[in-house]
Amino acid sequence: MNRFMLLLPLALLTTVPHAQQSKNRVGILNVQTVVKAMPGAQAYLDLNAKANSDLAAKQKNIQALAAKASTAADRAALTKAQQAYAAARTDYAKRIDTAFKPLGTKMNAAVAKVARANGYTVVLDERVAAQTSLIVYANEGATNLNNAVIKELK
């Protein structure tokens, strides 16, 4: 038992250098920038812009109706506008997903190829990482894969 207690610290010390020498590299990709640069993405981008504009107008209308919803007719109009907004949002979400699917497939294949070729083990979406505070610091020049992925897609 005493021999084990003497060897344990030595065993732990020999594993520390290995733990610090990780071969993992993390890359960052701005998906929106890459999608904008992709050939054939204009229909998706136009649909996305139309959806954002239309839904913003419907939301503004809902806010106006909510501000003056004092009578039963006003409340009924508000409910109808909210239902129309929800239906439009669902419809746009389905259409946007359908339009993005082929672009996403091409982009994911290009990202995987670039990541493997450059030794990256993980690639994160810059916007999602920023929104969730997943990344505190990144050396932009060493981690940004936008240009390499765009080059691969063209």
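Model, not experiment: these values are computed from the prediction.

Analysis parameters
- Residues numbered from 1 in each chain as written.
- Predicted model: local features only at pLDDT ≥ 70, side-chain atom pairs only at ≥ 80, totals over all residues.
- Heavy atoms only, no water.
- Helix = DSSP H or I, 4+ residues; strand = E, 2+ residues; numbered from the N terminus.
- Buried < 20%, exposed > 50% of the residue type's maximum accessible area, 1.4 Å probe, protein only.
- Contact = heavy atoms within 4.5 Å.
- Areas by Shrake-Rupley, 256 points an atom, 1.4 Å probe, with all protein chains shown as cover.
- Phe/Tyr/Trp six-rings, centres within 6.5 Å; stacked < 30°, edge-to-face > 60°.
- Lys NZ or Arg CZ within 6 Å of the ring centre and 35° of its normal.
- pLDDT = per-residue confidence, 0-100.
- Axes fitted to C-alpha atoms, helices over the stretch in contact; angles between N-to-C directions.
- Parallel < 35°, antiparallel > 145°, perpendicular 65-115°, else oblique.
- Left-handed = near helix turned anticlockwise from the far one by under 90°.
- Core = buried A, V, L, I, M, F, W, Y, C linked by side-chain atoms within 4.5 Å.
- Polar contact = N/O pair within 3.5 Å; in protein donor to acceptor, adjacent residues only side chain to side chain.

## Let's talk about the overall build of the protein
Alright, step 1. If you tally the helices and strands in the protein, you get 7 helices and 2 strands.
Alright, step 2. When the helices and strands of the protein are read in sequence order from the N terminus, they spell out α-β-α-α-α-β-α-α-α.
Alright, step 3. Within the protein, the fraction of its 154 residues that count as buried is 25%.
Alright, step 4. Put simply, of all contacts in the protein between residues at least 6 apart along the chain, 79% involve residues at least 24 apart.
Alright, step 5. For the protein, the computed accessible surface area is about 10900 Å², with 58% contributed by carbon and sulfur atoms.

## Quick look at the packing of aromatic side chains
Alright, step 1. Here the structure, examined in full by the defined rule, presents 1 aromatic pair.
Alright, step 2. Between Y44 and F100, the aromatic rings sit 5.3 Å apart at their centres with planes inclined by 50°, giving tilted as the arrangement. On the criterion of sequence distance, the pair formed by Y44 in helix 3 (residues 42–67) and F100 in helix 4 (residues 72–118) is long-range, its members being 56 residues apart.
Alright, step 3. Accessibility expressed as a relative area gives 8% for Y44, which makes it buried.
Alright, step 4. Judged by relative accessible area, F100 falls into the partly exposed class, the value being 24%.
Alright, step 5. Here the guanidinium or amino end of R25 rests over the ring plane of Y120, the centre of that ring lying 4.2 Å away.

## Quick word on the confidence of the model for the protein
Alright, step 1. With 86% of its residues at a pLDDT of 70 or more, the protein has an overall mean of 86.
Alright, step 2. Per-element averaging of pLDDT across the protein places helix 1 (residues 2–20) at the bottom with 47 and helix 3 at the top with 95.
Alright, step 3. Every residue in residues 1–13 is under pLDDT 50, and counting partners more than four places away or in other chains gives 0 contacts.
Alright, step 4. Every residue in residues 16–21 is under pLDDT 50, and counting partners more than four places away or in other chains gives 0 contacts.

## A closer look at the environment of G104
Alright, step 1. By the secondary structure assignment, G104 is in helix 4.
Alright, step 2. With 73 residues separating them in the primary sequence, G104 and V31 have C-alpha atoms 9.4 Å apart.

## Re the packing of helix 3 against helix 4
Alright, step 1. With their axes 10 Å apart at the nearest point, helix 3 and helix 4 run at an angle of 165° to one another. In this view, helix 3 runs roughly antiparallel relative to helix 4, as classed from their interaxial angle. Between helix 3 and helix 4 lies a crossing whose hand is left-handed.

## Focus on the nonpolar core
Alright, step 1. Judged by nonpolar contacts, the single largest core of 30 residues is most densely connected at L29, V34, V35, M38, Y92, M107 and V149.
Alright, step 2. Residue assignment for this core shows that the elements contributing at least two residues are helix 2 (31–37), helix 3, helix 4 and helix 7 (146–153).
Alright, step 3. Setting aside chain neighbours within four positions, we find V149 in contact with L29, V34, A110, V111 and V114.

## Quick look at the side chain of T143
Alright, step 1. Along the polypeptide, T143 turns up in helix 6 (residues 140–143).
Alright, step 2. Classification of T143 as buried rests on a relative accessible area of 13%.
Alright, step 3. Among the polar contacts made by the side chain of T143, one reaches the main-chain carbonyl oxygen of N139 at a distance of 2.9 Å.
Alright, step 4. Setting aside residues no more than four positions away along its own chain, T143 makes contact with V26, G27, I28, Y120 and A138.

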